[in-house]
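These are the residues of each chain, in order.
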Amino acid sequence: MDADTIRNLIETGLPGARADVQGDDGVHFEATVVSEAFAGKMPLARHRMVYATLGDLMGGAIHALALKTVTPAEAG
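From a predicted model like this one, the values you see are computed outputs, not experimental measurements.

How each quantity is defined
- Residues numbered from 1 in each chain as written.
- Predicted model: local features only at pLDDT ≥ 70, side-chain atom pairs only at ≥ 80, totals over all residues.
- Heavy atoms only, no water.
- Pairing = 2+ DSSP bridges.
- Helix = DSSP H or I, 4+ residues; strand = E, 2+ residues; numbered from the N terminus.
- Axes fitted to C-alpha atoms, helices over the stretch in contact; angles between N-to-C directions.
- Contact = heavy atoms within 4.5 Å.
- Core = buried A, V, L, I, M, F, W, Y, C linked by side-chain atoms within 4.5 Å.
- Buried < 20%, exposed > 50% of the residue type's maximum accessible area, 1.4 Å probe, protein only.

Time to look at the sheet that holds strand E2 (residues 28-34). Pairing between the strands of a sheet is mediated by backbone hydrogen bonds and can be parallel or antiparallel. Taken in spatial order, the three strands line up as E1-E2-E3 in an open sheet, and their pairing is mixed. Only two strands of the sheet have a single partner each, and these edge strands are strand E1 (18-22) and strand E3 (64-70). Put simply, the sheet's adjacent strands are angled 15° from each other on average, direction ignored. Across the face of the sheet, helix H1 (residues 3-13) comes into contact with E1 and E2 while running at roughly 155° to E1. Here helix H2 (residues 43-54) sits on the sheet and contacts E2 and E3; the angle it forms with E3, its principal contact strand, is near 130°.

Right, here's the structure in full:
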């Protein structure tokens, strides 16, 4: 697994989102995801939206994913 693949999955699963994904060891990653779809949602709901784009990869090919989820307005 690599950061570009994760970025593509997130951006495809959340149309209009921008994802910056880092991780060099192939199993531990961190991502900042900016999406208007997060507006009005609590952090847990935002994280679930991102996890849904990754499906069964979470806990398998992706061992850990640290997330920062923000709207474009929150991103500044």
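After that view of the structure, there is still more to cover.
With that settled, consider the nonpolar core. Across soluble globular proteins, nonpolar side chains have a tendency to be buried as a group. Among the nonpolar cores identified, the biggest contains 16 residues, and Ile6, Ile10, Leu14, Val21, Val33, Val50 and Leu65 are the most heavily contacted of them. Sorting the residues of this core by element identifies H1, E1, E2, H2 and E3 as the ones contributing at least two each. The contacts of Ile6, once residues within four sequence positions are left out, are Met1, Val21, Phe29, Leu54 and Ile62.

Looking now at the environment of Thr69. Examined against the element boundaries, Thr69 turns out to sit in strand E3. Put simply, Thr69 and Leu57 are twelve residues apart on the chain and 19 Å apart in space, counted from C-alpha to C-alpha. With near-sequence residues (within four places) excluded, Thr69 lies in contact with Val33, Phe38, Arg46, His47, Val50 and Glu74.

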